[in-house]
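Fold and contact review
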Amino acid sequence: MSESKDLDPADWEAFRAEAHGALDAMIDHIRDIRERPVWREASPEAKARFRRELPLEGKGLARTLQDFDRYIKPYAIGNAHPMFMGWVQGAGTPVGMVAEMLAAGLDSNCGGRNHIALDVERQIALWMAQAFGFPPEASGIFVTGASMANFLSLLVARERAAGARNVRLNGLNALDSVLVAYASREVHNCVRQAMELSGLGARHLRLIASDERRAMRIADLQHAIAADRAAGLTPFMVVGSAGTVDTGAVDDLDAVADVAQEEDIWFHIDGAFGALAALSPKLKPLVKGLERADSIAFDFHKWLHVPYDAGFILVRDPKLHRRAFAADAAYLSRAPRGLAAGETWPCDLGPDLSRSFRALKTWFTIESYGVERLGACIEQTCRMARRLEGLIQASPNFIMRAPVTLNIVCFGAADDPDGSLAREIVMDLHESGEAAPSLTILDGVPAIRAAIINHRTHEADIDRFMELLEAMRRRALREPHPEPLAEAPKGPGRTRLSQD
Ligand SMILES: *Cc1c(COP(=O)(O)O)cnc(C)c1O
């Protein structure tokens, strides 16, 4: 491409052709996702490509695209693939991809000011308030992910607890007693980190024991609060989990809400993926009590497959939300009319000033698929989890390690007390490129974790996954094949295992 005086192409038609080509190639990539390995380690050549010096001269879009195809695209993490079951990650959608490209075209800065992107973001807050049973005036903004949303929620709760002491001005020293938070021991580590970052200190997060369903023991919560009050500390927040990261367990949110109400403390829910179960009429009863929370942290990039990243914080009391973050800088002052008009801007509701238009890809996803279809995909992942659970239970070689509440299946190999066989199986599976479950630690022992989030994961994939597990176990134990491994069903999975 020849040079122009600015960063626009000198030849728009040539650019158009290249851009269309790039989009076509990416559409093919998504369409043909099953034909490639879930994951493969980046080649030394690819890694070396990213240790070069800062380029003084550009090489143009076409050659940069070639490098993308060669050094980046083949080595992506793999969460779009139907056999990706590691961690809790969304799979993206073609619609989300297009929306993300359009958002980049507009290049809106969504920190504030008077433009339509903020109305789109407001629409998302309104929709989620409706889905979760919050009042329509509830306030919400996009953030990177649930980790950040949990942190910001904790800051709002801290603001409420500090009241007139003005912790934003005076710091924690202004408080006359130590603030204590509560969550089940299954809670995501980001809640602990939020305690660290907020200055309240991780030691003031009480991790409450969980029961056989891995839900918080409510009586233990009550005892912990009473003990802290007796010791002169100030309980200020309880975090309920709607879908824990390890096993997908859901706390009894109604019971947690009762305790929070009785104790007059903030009720926050980490619903990173699980809160969206509320979009399925079938699953909604599982997250009953969601509607009573003071704040909810959740992600659109998990169970709704909005391309990364798209976390969200929803707060019942919009005034309090604003009080925790709003500031009056001269360059952010509001005008009665024009581009600087508007009352509450997103920058009043969190620490980010410059923000991307995450609402657009979320709006496109919800508008174009509709909640029924999205909810049906969520239900399907739960059905796939049940199917896998059934296969694990039917196999003499594997054992379940935790109950299945939603879409996460934790299991281990039989006769593997220290989990070393489970670890081998998972690493072998990753390196085979055939499937990608993850490992977690349950009760001190490594467990295989299949988090089934992907809308592309169907029955045949689950059945194939079970075959792969058996084959990898035999390989790890150097057991001979009882019979040749069946050819992979057309589509899902791959057949390279037949060499083992
Ligand atoms: C994924 C997850 C988080 C963290 O969310 P991010 O979007 O990765 O920041 C927190 N809690 C739970 C239960 C999760 O599953």
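Small disclaimer: the values here were computed from a predicted structure and weren't measured.

1. Re the overall build of the protein chain
Helix and strand counts for the protein chain stand at 14 helices and eleven strands. Relative to the 2.2 N^0.38 estimate, which gives 23 Å for 500 residues, the radius of gyration of the protein chain is 25 Å and therefore close to what a compact globule would have. Its C-alpha atoms put the protein chain at 70 × 65 × 45 Å along the principal axes. Here the protein chain holds 500 residues, and 52% of them are scored as buried. Surface exposure of the protein chain reaches about 23,500 Å², of which carbon and sulfur atoms provide 53%. Counting 58 positive and 68 negative side-chain charges, the protein chain places the centres of these two groups 2 Å from one another.

2. Section: helix H13 (residues 420-432)
Relative to the 18 Å expected for 13 residues at 1.5 Å per residue, H13 spans 18 Å between its end C-alpha atoms, a close match to the ideal helical length. Three or more residues of H13 are buried, namely Leu421, Ala422, Ile425, Val426, Asp428, Leu429, His430 and Ser432. Close packing links the buried residues of H13 with strand E8 (398-400), strand E9 (408-413), strand E10 (438-442), strand E11 (445-451) and helix H14 (459-477). Following H13 by one or two positions, Gly433 has its phi on the positive side, about 75°.

3. As for the confidence of the model for the protein chain
In low-pLDDT regions, the fine details of the predicted coordinates are not to be read closely. On average, the protein chain scores 94 in pLDDT, and the residues at 70 or more come to 96%. Segment residues 488-500: pLDDT under 50, and 35 contacts once partners within four positions in sequence are set aside and those in other chains are kept.

4. With respect to the packing of aromatic side chains
Taken as a whole and judged by the stated rule, the model has eleven aromatic pairs. Here Trp12 and Phe15 contribute two aromatic rings whose centre-to-centre distance is 6.2 Å and whose plane-to-plane angle is 85°, an arrangement assigned as edge-to-face. With Trp12 and Phe15 both in helix H1 (residues 12-31) and three residues apart, this pair spans about one turn of that helix. A relative accessible area of 30% means that Phe15 is categorised as partly exposed. Centre to centre, the rings of Phe142 and Phe312 are 4.8 Å apart; their planes meet at 90°, and the pair counts as edge-to-face. One end of the pair, Phe142, is in strand E1 (residues 139-143); the other, Phe312, is in strand E7 (residues 311-315), and 170 residues separate them in sequence.

5. Regarding the UniProt feature "modified residue: N6-(pyridoxal phosphate)lysine" (unreviewed entry) in the protein chain
Cross-referencing UniProt, the feature "modified residue: N6-(pyridoxal phosphate)lysine" (unreviewed entry) maps to Lys302 in the present numbering. With respect to the element layout, Lys302 can be found in the loop between strand E6 (295-299) and E7. For Lys302, a relative accessible area of 13% gives the class buried. Dropping the residues within four chain positions of it, Lys302 is found in contact with Val88, Gly90, Ala272, Phe273 and Ile453.

6. Focus on helix H5 (residues 116-132)
The end-to-end C-alpha distance of H5, which contains 17 residues, comes to 25 Å, matching closely the 24 Å that a straight helix rising 1.5 Å per residue would cover. For H5, every residue scored as buried is listed here: Ala117, Leu118, Val120, Glu121, Ile124, Ala125, Trp127, Met128, Ala129, Ala131 and Phe132. Buried positions along H5 lie against E1, E6, E7 and helix H12 (358-394). Count one or two residues on from H5 and you reach Gly133, which has phi positive near 80°.

Quick notes on the rules
Residues numbered from 1 in each chain as written. Predicted model: local features only at pLDDT ≥ 70, side-chain atom pairs only at ≥ 80, totals over all residues. Heavy atoms only, no water. Helix = DSSP H or I, 4+ residues; strand = E, 2+ residues; numbered from the N terminus. Rg over C-alpha atoms; globule rule 2.2 N^0.38 Å. Buried < 20%, exposed > 50% of the residue type's maximum accessible area, 1.4 Å probe, protein only. Areas by Shrake-Rupley, 256 points an atom, 1.4 Å probe, with all protein chains shown as cover. Lys, Arg positive; Asp, Glu negative; His and termini not counted. Charge placed at Lys NZ, Arg CZ, Asp CG, Glu CD. Expected span 1.5 Å × (residues − 1). Contact = heavy atoms within 4.5 Å. pLDDT = per-residue confidence, 0-100. Phe/Tyr/Trp six-rings, centres within 6.5 Å; stacked < 30°, edge-to-face > 60°. UniProt positions renumbered as here; feature names shortened; annotations may be inferred.

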